[in-house]
Amino acid sequence: MLLTKLKTTSLVILSTVFVGLATTSCESSATVEDYVGVQTSDPYDPSKPVTVTKFNPTKGSVGQQIFIAGSNFGNDSSMVSVTIGGKQATVVSVKNHAIYCYLPGAAYDQIDGNKLFASVQVTVGGKGQKEQTGKAADRFEYERKMVVGKLCGRNYEREEDAVWIDGSFDECSGFKNDGVMQFSPYNHDQLFVVYDQEPHFGTVAHGIQLIDLKEQTVKTILPLSKFSNQRLRTIDFAVDPFMYNEDGTYAYREVQSIDENGHPMTDEEGNPVMEKTSFAPEGWDLTATPDQKKWREHLIISADNDNSQYRANSVYIVDRDPNGDFGNNSVVRQLANYRQCNGASLHPVNGELYFTSFTQGEVLRLDMNKYWKTILPDTLGGLGTSWSPYVNDNLYNASTESSSGSGAFEKLFTIQDTNWEFQIDIHPSGKYAYIVVINRNYILRTDYNEETKKFSAPYRIAGDMSHEGFTDGVGLSALLRRPYQGTFVKNEQYEAEGRDDIYDFYFCDSRNDAIRLLTPEGIVKTYAGGSAATHSDGNTYGNENGELRDFARFHRPTGLVNDVHRDAITGENTLIFYILDTSNFQIRTITMEENLEATEGNE
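So, here's what we can say about the structure. (Residues numbered from 1 in each chain as written. Predicted model: local features only at pLDDT ≥ 70, side-chain atom pairs only at ≥ 80, totals over all residues. Heavy atoms only, no water.)

## Quick look at the overall build of the chain
So the rule is basically this: Only runs of H or I of at least four residues qualify as helices and only runs of E of at least two qualify as strands under DSSP, and these elements are numbered from the N terminus. Here, two residues are considered to be in contact whenever any of their heavy atoms come within 4.5 Å of each other. Areas reported here follow the Shrake-Rupley algorithm with a probe of radius 1.4 Å; residue values treat only the protein chains shown as occluding. A residue counts as positive if it is Lys or Arg and as negative if it is Asp or Glu; His and the chain ends are not included. Charge positions come from single atoms, namely NZ of Lys, CZ of Arg, CG of Asp or CD of Glu.
The helix and strand inventory of the chain stands at five helices and 46 strands. When the backbone C-alpha atoms are referred to their principal axes, the chain occupies close to 110 × 55 × 50 Å. If you take every contact in the chain between residues at least 6 apart in sequence, the share linking residues at least 24 apart comes to 58%. For the chain, the computed accessible surface area is about 26600 Å², with 45% contributed by carbon and sulfur atoms. Seen as two clouds, the 54 positive and the 83 negative side-chain charges of the chain have centres 3 Å apart.

## Overview of the packing of aromatic side chains
For clarity, the threshold we go by: Between 30 and 60 degrees the pair is tilted, below 30 it is stacked and above 60 it is edge-to-face, where a pair is any two Phe, Tyr or Trp rings, Trp via its six-membered ring, whose centres lie within 6.5 Å. Classification of residues uses two cut-offs on accessible area relative to the type maximum, computed with a 1.4 Å probe and protein chains only: under 20% is buried, over 50% is exposed, and between them is partly exposed.
Evaluation of the coordinates by the stated rule reveals 30 aromatic pairs. Ring geometry for F192 against F237: centres 5.3 Å apart, planes inclined by 70 degrees, an arrangement best described as edge-to-face. Taken together, the residues span a long stretch of sequence, with F192 in strand β17 (residues 187-195) and F237 in strand β20 (residues 232-239) at a distance of 45 residues. Grouping residues by exposure puts F192 and F237 together as buried. Where Y434 meets F505, the ring centres are 4.9 Å apart and the plane angle is 55 degrees; that geometry is what we call tilted.

## Quick look at the sheet that holds strand β31 (residues 409-414)
Within a sheet, neighbouring strands are paired by backbone hydrogen bonds and run either parallel or antiparallel to one another. For clarity, the cut-off: Strands qualify as paired when DSSP identifies two bridges or more between them. Here an angle of 0 to 180 degrees is reported between the N-to-C directions of two axes, which are lines fitted to C-alpha atoms, with helices fitted over the stretch in contact.
A sheet is described by the order of its strands in space; here four strands give the open sequence β26-β27-β28-β31, paired in antiparallel fashion. The sheet is open, and its two edges are formed by β26 (344-346) and β31, each paired on a single side. Ignoring strand direction, the axes of neighbouring strands in this sheet form an average angle of 25 degrees.

## Some details on the sheet that holds strand β18 (residues 208-212)
Spatial strand order, β15-β19-β18-β17-β16: five strands in an open sheet with antiparallel pairing. What marks the edges here is a single partner per strand, and that holds for β15 (167-168) and β16 (179-184).

## A short note on the environment of N350
You can see N350 is positioned in the loop between β26 and β27 (353-357). Take N350: its relative accessible area is 28%, and that puts it in the partly exposed class. For the pair N350 and C508, spaced 158 residues apart in sequence, the C-alpha to C-alpha distance is 27 Å. Setting aside chain neighbours within four positions, we find N350 in contact with Y448 and K453.

## Topic: the side chain of E352
Put simply, the test is: Salt bridges are defined by distance alone: a side-chain nitrogen of Lys or Arg within 4 Å of a carboxyl oxygen of Asp or Glu. Polar contacts, as counted here, are pairs of nitrogen or oxygen atoms within 3.5 Å of one another; within protein the pair requires one atom able to donate a hydrogen and one able to accept it, and residues that are adjacent in sequence qualify only if both atoms are side-chain atoms.
Relative to the elements of secondary structure, E352 occurs in the loop between β26 and β27. The charged side chain of E352 is buried without a salt bridge, its nearest counter-charge being R365 at 4.1 Å. Among the polar contacts made by the side chain of E352, one reaches the side chain of Y448 at a distance of 2.4 Å. Discounting residues that sit within four places of it in the chain, E352 has contacts with S345, L346, H347, R365, L366, M368, Y448 and K453.

## Topic: the pairing of strand β23 (residues 297-303)
Across the seven residues of β23, seven count as buried, placing the element largely inside the fold. Alternating residues of β23 divide into E297, L299, I301 and A303 and H298, I300 and S302, and every residue in both groups is buried. With seven bridges joining them, β20 and β23 adopt antiparallel strand pairing. The partner of D236 across the bridge, within β23, is I300. One ladder, built from four bridges, connects β23 with strand β24 (residues 312-318); its direction is antiparallel. Across the sheet, residue I300 finds its bridge partner in β24, namely I317.

See the structure below:
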């Protein structure tokens, strides 16, 4: 008896992906018959059985062309149905003894150990004639692939119809502004999205949204009025260094006081002088409950506002509200005031904040430890002083080793272009970062100095400053077209080879309608989408799901993050991407194709 293998996942992404025939160019008059050969073929005979004797190849993946041999298939493709693993194949050509078809996605119905198999069946009939089915004696071995699917949202022919609607994944819509995404550090069921005004200048962008992958809902949690209806650009998370109780109040411990020279303090009798502190000891978060840890999370929102006196709201920090959520009752503070910030990112190891200024092409640094000490009461180890967010009033000058105000800010360097948009993506190790120059179509690299805890002057690693295009290649020979948010992804092959850097950098190449990747060696490759050559309309943009390169297409993607989720077939953790596909008005996915109807065992 066959056992149905149904494994629950936090997200059911893909069921069946149908792959169509990639048609030839409009300039060519070639047809399928030119490839499979023209021959005389007898019609279907209802008095004779339909048989399937063999198929070739005997294994493959979604999009694979399959040749099926047998008898009594007829010569009318409209009367022929081919199922592989219970999934409908796309029939290309039918002769009485041969069928050419394309393998659909998730085309397997049996699981034997680590291998997937599919039954192969041909049904002929209809149009008033008796239907008959022939089944192959052998099984087809299916090899799973990463494929593009849809998480939520709806595709509309007219952009004005894509209204913003919160709700379940089946009901929600919108997602039509450029934007970026970020996971909650302690809860990867929560994915947050911030939207820019582009391409809808002159109108207020949509508020910050929470995509709840566990509840499968989308909710607008923070209206733009919380940010004076300003232009928001990026979202990240800062994790503070404190201990909390489950209700959000500070927890504390007793530690020995330290004098100004760093020496432990004692009283006249030699007893240690103790004080309360809410700064957590190393490893506190390893034993803390989820309700304790969530209070450490703070949203970091960059804003593109201008002020000639360098006092514009550039970076905001948002605390959780009294219920432990981010929402209308959250406290929103100004963290950095400067000019036209396009991006702000936290160092993953040391916690300092790096943010940009469009006006002068500057990258600046904020020592977050100085901020944290101002929000903690002095009775628990804080400074008992208020925070000043104005950069020019609180600058540290490394060349003179002098400071003004708190000295919390520092101007590090300028990029090669001023008055162009750019964002910062920091490597998980913190050893370097990529600076994505959006509308100049190139990517810089900046290396991190472990001693000074600062990033150094950047150098170009991919793309051409003077030209846009869609060309894979090495370093500066590669061409990009409006690169946007990127995400670092561990490469298991690099790890097995013992390489120093085991991460590739995947990024949205928005105007090329593609997801591309940048290797540590500086090689740019196209990973998914942008498949103009394999579609009859000749466009890179589209909304097809399925096989990554030849079939699936995007339309102006800008947001990209990656995570792992439980594979419904193997039960193991599997890579998954989430993509904000703005002109398709959807959140798309890339992950291993799934078939929850497959069965275990042999027939």
